Amino acid sequence: MHSLSSDGPGVAAGPPVGAAAGLVIERLPITAPDAVLLVEQVQEEYVARYGGRDESPIDASEFEDPTGMFFVGRLGAVPVVSGAWRRRTDVLVDGTRLTAEVKRMYVAPTARGLGLARRMLAHLEVTAHAAGLEAVVLETGEKQPEAIELYSSAGYRRIAGFGYYRDSPLSRCFGKSLRDAPGLSSRHAGQ
């Protein structure tokens, strides 16, 4: 249903603190084995939190050039974070419809608390901006306070509902302009 991106408390058996410095983010097809693994894990989280899987329509081609990108982040050889964006033209944010919708943000429980969601979100912003998009939008859920906190602290603000869950009382939609984002043009896509 919603993005699940926690930088909250991690599981004791997770990677050591400071491990985020070794994060390597790679662009992959959403159908790649590591991408499928992380997408399935986030679906399991949705079942636990909301009682069901995310039913919003996803077409793998939406995450291929020129309409979007899907990324997996690894610590060593272990895939621990995912994030993607797809173009949207039906959501207005700060006067633009050139938007990227964030999808499939997820951090594996063993890697939470390391700042990986924040790193992936910044990577998504940089790559969307490089693709000529002017704003980022996303939908998350009320039962994901850690995701709401992440997005709010990263400069996202509440916007009108959109997409599959726009009328759900549990849905929370956010947007952020990329046009004048401080430091965005100086960030490197490999963050």
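Position numbers for residues count from 1 along each chain, tracking the sequence in the order it is written. Given that this is a predicted model, residues contribute local features only at a pLDDT of at least 70 and side-chain atom pairs are listed and counted only at 80 or more, while totals for whole chains, interfaces and linings are drawn from all residues. Values shown for side chains rest on all heavy atoms present in the structure; no hydrogens or waters enter the calculation.

A.B. asks: Please give an account of the packing of aromatic side chains that cites residues and values.
C.D. replies: The rule is short: rings of Phe, Tyr and Trp, with Trp giving its six-membered ring, pair when the centres are within 6.5 Å, and they are stacked under 30 degrees, edge-to-face over 60, tilted in between. Counted under the stated rule, the structure contains 4 aromatic pairs. With 6.4 Å between their ring centres and 85° between their planes, F63 and F70 make a pair best called edge-to-face. Assessed through its relative accessible area of 0%, F70 is described here as buried. Connected via pairs of aromatic rings, a cluster forms that spans Y151, Y156 and F174. For the exposure calls, accessible area comes from a 1.4 Å probe over protein chains only, and a residue counts as buried if that area is under 20% of its type's maximum, exposed if over 50%, partly exposed in between.

A.B. asks: Account for helix α2 (residues 116–130), with residues named and values stated.
C.D. replies: Given 3.6 residues per turn, any residue in an α-helix points the same way as the ones three and four places further on. For α2, which comprises 15 residues, the first-to-last C-alpha distance of 21 Å matches the rise-based estimate of 21 Å (1.5 Å per residue) to within 8%. The buried fraction of α2 amounts to 11 of the 15 residues, a majority that puts the element mostly inside the structure. The helix and strand labels rest on DSSP assignments: H or I over at least four residues marks a helix, E over at least two residues marks a strand, and numbering proceeds from the N terminus. Two residues or fewer after α2 comes G132, characterised by a positive phi angle close to 90°. What a helix is expected to span follows from its residue count: subtract one and scale by 1.5 Å.

A.B. asks: Which residues make up the packing of α2 against helix α3 (residues 145–153), and what values go with them?
C.D. replies: Lines fitted to C-alpha atoms define the axes here, with helix axes fitted over just the stretch in contact, and angles between the N-to-C directions of these axes take values from 0 to 180 degrees. It is at 11 Å that the axes of α2 and α3 come closest, and there the two elements cross at 50°. In terms of orientation, α2 and α3 fall into the oblique class. For the pair α2 and α3, the sense of crossing is right-handed. Contact residues: A117, R118 and L121 in α2; L150, Y151 and S153 in α3. An angle counts as roughly parallel when it lies under 35 degrees, as roughly antiparallel when it exceeds 145, as roughly perpendicular when it falls between 65 and 115, and as oblique in every other case. Crossings are classed by handedness, with left-handed meaning an anticlockwise turn of the near helix from the far one by less than a right angle and right-handed meaning a clockwise turn. Residue contacts are counted whenever heavy atoms from the two residues lie within 4.5 Å of one another.

A.B. asks: How would you explain the confidence of the model for the protein if you had to name every residue and give the values?
C.D. replies: If pLDDT is low for a region, its predicted coordinates should not be looked at in detail. pLDDT gives the predictor's per-residue confidence on a scale running from 0 to 100. Summary statistics for the protein give a mean pLDDT of 87 and a share of 84% for residues scoring 70 or more. In this model residues 5–17 is a low-confidence stretch, pLDDT under 50, and it forms 31 contacts with partners more than four residues away in sequence or in other chains. Counting interchain partners and residues more than four positions distant, the pLDDT-below-50 stretch residues 186–191 has 14 contacts.

A.B. asks: Break down the pattern of salt bridges for me, with residues and values.
C.D. replies: Each salt bridge in this description consists of a side-chain nitrogen of Lys or Arg and a carboxyl oxygen of Asp or Glu lying within 4 Å of one another. If you walk through the whole model with that rule in mind, you get 16 salt bridges. Put simply, R112 and E45 hold a salt bridge, and the shortest N to O gap is 2.9 Å. Here E45 lies in helix α1 (residues 33–50) and R112 lies in the loop between β4 (99–107) and α2, a separation of 67 residues in the sequence. The exposure class assigned to E45 is buried, which follows from its relative accessible area of 14%. R86 is paired through a salt bridge with E101; the nearest N and O atoms lie 2.9 Å apart. Residue R86 is found in strand β3 (residues 78–88), and its partner E101 is found in strand β4; the two are separated by 15 residues along the sequence. Residue classification places E101 among the buried positions, given a relative accessible area of 4%. Bridged by salt links that share partners, the residues E62, R86, R88, D90 and E101 form one connected network.

A.B. asks: Before we move on, can you summarise unusual backbone geometry with the specific residues and values?
C.D. replies: The peptide bond linking D65 to P66 adopts the cis configuration, its omega dihedral lying at 0°. Backbone geometry places R104, a non-glycine residue, at a positive phi of 55°. In this structure, R104 sits in strand β4. Exposure remark for R104: the relative accessible area of 6% places this residue in the buried category.

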